[in-house]
2 protein chains.
Amino acid sequence: MKQITIKDVAEAAGVSKATASRVLSGHPATSPEARKAVEAAAGRLGFRPNAQARSLRNTRTQTIGLLLPDVRNPFFGDLAHAVEQRARSFGYMTLFGNANENVEQQDEYIDVMLSQRVDGVIAAPQGDGGNLSQLLRSGVPVVFVDRVLDSIKVPSVSPDNSTGIHDAVKHLTARGHRRIGYIAGPQSTSTGRERLRSYKEALAATGADTDADLIFLGDFQAASGAEGARTLLDLANPPTALLAADSLMSIGAVGVCNERGIAIGTDLAFVAHDDIDAFTLINPPLTVIAHDIDAMGRLAVDMLMSVIGGGSPASHTIPGRLIVRGSTPEFEKERQS
Amino acid sequence: MKQITIKDVAEAAGVSKATASRVLSGHPATSPEARKAVEAAAGRLGFRPNAQARSLRNTRTQTIGLLLPDVRNPFFGDLAHAVEQRARSFGYMTLFGNANENVEQQDEYIDVMLSQRVDGVIAAPQGDGGNLSQLLRSGVPVVFVDRVLDSIKVPSVSPDNSTGIHDAVKHLTARGHRRIGYIAGPQSTSTGRERLRSYKEALAATGADTDADLIFLGDFQAASGAEGARTLLDLANPPTALLAADSLMSIGAVGVCNERGIAIGTDLAFVAHDDIDAFTLINPPLTVIAHDIDAMGRLAVDMLMSVIGGGSPASHTIPGRLIVRGSTPEFEKERQS
DNA sequence: TTGTAAGCGTTATCAG
DNA sequence: CTGATAACGCTTACAA
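Residues numbered from 1 in each chain as written. Chains lettered and ligands numbered in written order. Predicted model: local features only at pLDDT ≥ 70, side-chain atom pairs only at ≥ 80, totals over all residues. Heavy atoms only, no water.

The name an unreviewed UniProt entry assigns to chain A is LacI family transcriptional regulator, from the organism Arthrobacter crusticola.

## Some details on the overall build of chain A
Of the regular secondary structure elements, chain A holds 12 helices and 12 strands. Taken over the C-alpha trace, chain A has a radius of gyration of 26 Å; the compact-globule value for 337 residues is 20 Å, which it surpasses by more than 25%. For chain A, the spread of C-alpha atoms along the three principal axes comes to 90 × 40 × 35 Å. Total accessible area on chain A is roughly 13,700 Å²; 50% of this is exposed by carbon and sulfur atoms. Measuring between centres, the 33 positive side-chain charges of chain A sit 10 Å from its 38 negative side-chain charges. (Helix = DSSP H or I, 4+ residues; strand = E, 2+ residues; numbered from the N terminus. Rg over C-alpha atoms; globule rule 2.2 N^0.38 Å. Areas by Shrake-Rupley, 256 points an atom, 1.4 Å probe, with all protein chains shown as cover. Lys, Arg positive; Asp, Glu negative; His and termini not counted. Charge placed at Lys NZ, Arg CZ, Asp CG, Glu CD.)

## Overview of helix H10 (residues 222–233) of chain A
All names here are of chain A. Spanning 12 residues, H10 covers 17 Å between terminal C-alpha atoms, matching the ideal 16 Å at 1.5 Å per step. Along H10, the residues that are buried comprise Ser 224, Gly 225, Ala 226, Gly 228, Ala 229, Leu 232 and Leu 233. Where H10 is buried, its residues touch strand S6 (180–184), strand S7 (215–217), strand S8 (241–244) and helix H11 (247–260). (Expected span 1.5 Å × (residues − 1). Buried < 20%, exposed > 50% of the residue type's maximum accessible area, 1.4 Å probe, protein only. Contact = heavy atoms within 4.5 Å.)

## Brief notes about the protein's contact with DNA strand D
Among the 25 residues in the neighbourhood of DNA strand D, the closest are listed as Thr 19, Arg 22 and Ser 31 of chain A together with Ile 6 and Arg 57 of chain B. In this structure, Lys 17 of chain B approaches DNA strand D through a side-chain N or O atom, which is 3.0 Å from a base nitrogen. In the model, a phosphate oxygen of DNA strand D is placed 3.0 Å from a nitrogen or oxygen of the Ser 21 of chain B side chain. Listing elements by their share of the surface near DNA strand D, those giving two or more residues are helix H2 (17–24) and helix H4 (51–57) of chain A together with helix H2 (17–24) and helix H4 (51–57) of chain B. Sorting elements by how many residues they give to the surface near DNA strand D places H2 of chain B first, with four residues. Classifying every residue of the surface near DNA strand D by side-chain character gives 10 nonpolar, nine polar and six charged. (Near = heavy atom within 4 Å. Polar contact = N/O pair within 3.5 Å; in protein donor to acceptor, adjacent residues only side chain to side chain. Nonpolar A, V, L, I, M, F, W, Y, C, P; charged D, E, K, R; others polar.)

## Thoughts on the relation of the copies chain B and chain A
Of the transformation superimposing chain B on chain A, the axial component is 0.0 Å and the angular component is 180 degrees, with the fit at an RMSD of 0.1 Å. Both copies are brought into coincidence by an operation consistent with a two-fold rotation axis. Interface overlap between copies is the fraction of interface residues in one copy that are interface residues in the other; for chain B against chain A it reaches 100%, indicating a shared surface. (Least-squares fit on C-alpha atoms with pLDDT ≥ 70 in both.)

## Let's talk about the protein's contact with DNA strand C
The environment of DNA strand C is made up of 26 residues, and the closest members are Ile 6 and Arg 57 of chain A together with Thr 19, Ser 31 and Arg 57 of chain B. In the interface set of DNA strand C, defined as its atoms within 4 Å of the protein, sugar plus phosphate atoms amount to 61%. With respect to DNA strand C, the backbone of Asn 50 of chain A contributes an N or O atom lying 3.1 Å from a phosphate oxygen. Listing elements by their share of the surface near DNA strand C, those giving two or more residues are H2 and H4 of chain A together with H2 and H4 of chain B. Among the elements that make up the surface near DNA strand C, the one with the highest residue count is H2 of chain A (four residues). Its residues assigned to classes, the surface near DNA strand C comprises 10 nonpolar, nine polar and seven charged.

## Notes on the environment of Ser 133 of chain A
Here Ser 133 of chain A lies in helix H7 (residues 130–137). Along the chain, Ser 133 of chain A and Ile 152 of chain A lie 19 residues apart, while their C-alpha atoms are 9.2 Å from each other.

## Some thoughts on the domain arrangement of chain A
Frequently, the measure chosen for interface size is the accessible area that the parts lose on association. Domain boundaries assigned for chain A yield domain 1 (6–57), domain 2 (61–158 + 293–318) and domain 3 (163–291 + 322–336). A straight line from the C-alpha centre of domain 1 of chain A to that of domain 2 of chain A covers 34 Å. (Domains from an automatic or database assignment.)

## Looking at the packing of helix H5 (residues 74–89) of chain A against helix H12 (residues 293–308) of chain A
Residues and elements named next belong to chain A. It is the contact of H5 with H12, at a shortest axis distance of 8 Å, that shows an interaxial angle of 45 degrees. Accordingly, the angle class assigned to the pair H5 and H12 is oblique. Like other packed secondary-structure pairs, H5 and H12 cross with a definite hand, here right-handed. Judged by residue contacts, Phe 75, Asp 78, Leu 79, Ala 82, Val 83, Arg 86 and Ala 87 of H5 engage Ile 293, Asp 294, Met 296, Gly 297, Arg 298, Val 301 and Asp 302 from H12. In the contact of H5 with H12, the residues fall into eight nonpolar, one polar and five charged. (Axes fitted to C-alpha atoms, helices over the stretch in contact; angles between N-to-C directions. Parallel < 35°, antiparallel > 145°, perpendicular 65-115°, else oblique. Left-handed = near helix turned anticlockwise from the far one by under 90°.)

## Focus on the pattern of salt bridges
All names here are of chain A. Scanning all chains against the criterion turns up 28 salt bridges over all chains. Taking the shortest distance from any N to any O, the salt bridge between Arg 86 and Asp 302 comes out at 2.9 Å. Of the two residues, Arg 86 is situated in helix H5 and Asp 302 in helix H12; the sequence distance between them amounts to 216 residues. Residue classification places Arg 86 among the partly exposed positions, given a relative accessible area of 28%. With a shortest N-O distance of 3.1 Å, Arg 179 and Asp 211 are connected by a salt bridge. Here the residue Arg 179 occupies a position in the loop between helix H8 (163–174) and S6, and Asp 211 occupies one in the loop between helix H9 (190–206) and S7, the gap between them amounting to 32 residues. A relative accessible area of 6% means that Arg 179 is categorised as buried. On the basis of relative accessibility, which here comes to 31%, the residue Asp 211 falls in the partly exposed class. (Salt bridge = Lys/Arg side-chain N within 4 Å of Asp/Glu carboxyl O.)

## What to know about the UniProt feature "domain: HTH lacI-type" (unreviewed entry) in chain A
When the UniProt feature table is mapped to this numbering, "domain: HTH lacI-type" (unreviewed entry) covers residues 4–58 of chain A. Split by type, residues 4–58 of chain A is 67% helix and 0% strand. Its first and last C-alpha atoms lie 20 Å apart. (UniProt positions renumbered as here; feature names shortened; annotations may be inferred.)

## Quick look at the packing of aromatic side chains
Here the distance between the centres and the angle between the planes together describe a pair of aromatic rings. Going through the model one piece at a time under the given rule, you end up with five aromatic pairs over all chains. Note on Phe 75 of chain A and Phe 76 of chain A: the rings are 5.0 Å apart at their centroids and 90 degrees apart in plane angle, and the pair reads as edge-to-face. Given the relative accessible area of 5%, Phe 75 of chain A is considered buried. Overall, the relative accessible area of 4% leaves Phe 76 of chain A in the buried class. Relative to Phe 96 of chain B, the ring of Phe 96 of chain A lies with its centre 4.9 Å away and its plane at 70 degrees, an arrangement referred to as edge-to-face. With Phe 96 of chain A in strand S2 (residues 93–98) and Phe 96 of chain B in strand S2 (residues 93–98), the pair connects residues from two separate chains. The pair Phe 96 of chain A / Phe 96 of chain B is uniform in exposure class, with both members buried. (Phe/Tyr/Trp six-rings, centres within 6.5 Å; stacked < 30°, edge-to-face > 60°.)

See below:
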């Protein structure tokens with residue numbers, strides 16, 4: 001299984017390595033005959049340039065790293081898709097790293113990406129230490145997506161974590177809800193923190209109840225959403241509406257409601273995050289706070305390309321909007337308390 | 001932003017490149033002092049070996065390619081996760097390629113992977129031409145996953161596309177259904193073909209109706225599931241039960257039922273494919289035909305490692321099983337026809 | 001145990 | 001327009 005090198009192509013075409021290289025990389029200074037001979041030989045032999053050798057010579061690998069916390073989260077699945085498609089359009093290959101909501105795996109992947117000499121990294125960072133700081137110090141272009149680190153100024157594209165939640169709370173209070181439970185994301189992430197802050201602000205602004213025990217701190221995984229729902233519904237004075245900070249926790253929470261025979265929409269209002277298809281299938285379909293994930297991914301790539309090109313793009317925020325569906329119905333039944 | 005090379009480390013440590021290299025790659029013939037000096041220098045300078053240069057010298061890149069049709073399909077999302085985690089445990093990085101259900105993109109990614117000199121490829125193939133045949137001829141170890149090409153013998157791990165469907169049809173006929181509509185996958189994939197064949201066999205075996213128009217040919221995407229549901233429900237003599245060949249088409253189909261106010265479970269029995277969380281949230285939760293995706297991913301990696309090691313592992317089939325939930329209830333209401 | 005030197009496959013430079 | 005040659009960063013005989 002010997003590799004076919006440019007030398008083989010050159011010999012087969014009866015020219016030098018240099019000429020072969022020029023033809024294959026589209027250099028203008030080549031004669032038509034050389035071009036024909038080389039192209040024919042390359043095709044016949046099935047030549048593939050060795051990307052390793054090439055990027056050892058150049059300093060570009062035409063590869064970007066994408067560091068995500070969890071590929072199975074539909075939000076990040078969609079984001080991965082968007083980033084990958086956009087990167088492809090710039091001729092870049094995407095090296096995915098799945099940190100698995102785990103700082104050590106993130107560190108390992110940063111290590112590998114740095115070793116692979118990726119031309120840039122798009123990351124939804126966890127924590128702010130370990131290899132992350134090395135990555136930032138390394139000089140490799142970096143763009144943060146979804147999450148931000150306050151301590152570090154790096155161009156980022158993040159969701160607007162305020163408007164959607166304010167709208168949701170307003171929407172719920174307008175429907176008579178005063179006890180709105182919140183299943184929060186981890187406070188180690190900017191997204192988790194900002195959404196919780198917005199929730200608190202919104203409660204204050206609307207005059208809804210602000211008991212601390214209406215808040216459950218989850219970790220963006222389904223299991224914690226389930227635990228949150230159980231905890232909140234078991235309160236002596238339980239919430240009449242629930243708001244969850246991401247899609248997986250929403251799934252967990254809705255599952256618990258089903259288990260307990262609590263009818264969403266009639267017994268309990270529910271607002272989820274992220275507009276994933278499955279949420280429209282639930283009966284009633286879920287009201288959600290949605291962000292344009294595709295736009296986030298595209299923008300992150302565009303910004304990274306700009307950084308790679310020497311620019312320093314401004315950070316962006318992707319607006320969130322409330323999509324009202326059946327889980328937060330117009331008319332309220334009697335509420336106790 | 002100059003790269004720190006092994007030469008810098010060697011100089012800082014006061015040894016030769018060779019010694020530095022030996023220390024850094026754990027070669028036994030090194031003195032304790034050398035080891036200490038080199039490690040200290042490497043740490044201090046933040047040295048990262050250049051993977052390109054390394055794999056140009058060696059012939060291993062410690063990288064495998066994973067070629068999938070669609071990352072946003074939860075089935076492939078889970079599969080990607082499983083493969084990536086398993087590969088990681090072998091010290092391999094996974095290069096994802098998302099063909100986007102599109103042969104040209106698949107070809108491009110095969111090209112890139114070949115150029116990147118991946119040590120092996122795990123693929124859910126589309127079609128059987130283009131660069132796929134070049135990939136197979138190239139001698140790079142390949143394992144197919146989920147889908148198989150009859151024309152080519154390559155080790156593969158695929159779902160059992162028979163048992164689950166037979167069980168599902170038996171289950172439905174036992175509940176009185178005689179008109180079972182089927183939303184099939186594309187006949188260009190082995191999975192699509194085998195599942196359709198099993199459906200037909202199962203109908204014959206149970207004596208259910210076998211009208212050709214109970215079958216709709218979809219493409220594994222949500223939109224075609226919706227179209228399939230519309231088409232089948234609009235039949236003069238519509239089915240009383242629906243079976244869909246993957247999760248995305250199931251989502252599309254259930255969406256149509258909701259739109260039309262057709263109550264799943266009571267008006268129409270429904271069996272989906274793939275045991276995704278969201279299906280348990282739908283009311284009633286969906287009966288599904290499930291495969292152990294994690295096992296598929298792990299096994300594919302294990303097999304690929306075997307091929308890379310010179311072995312020729314046998315192909316495997318992952319059993320499918322029927323998980324009965326509320327969408328195929330015990331008691332039937334009156335059926336027309 | 002250590003150092004020197006060759007070579008992996010490409011591309012860029014510099015003469016011709 | 002073409003060819004010889006050096007260089008990218010690393011590993012590994014081969015010598016010492």
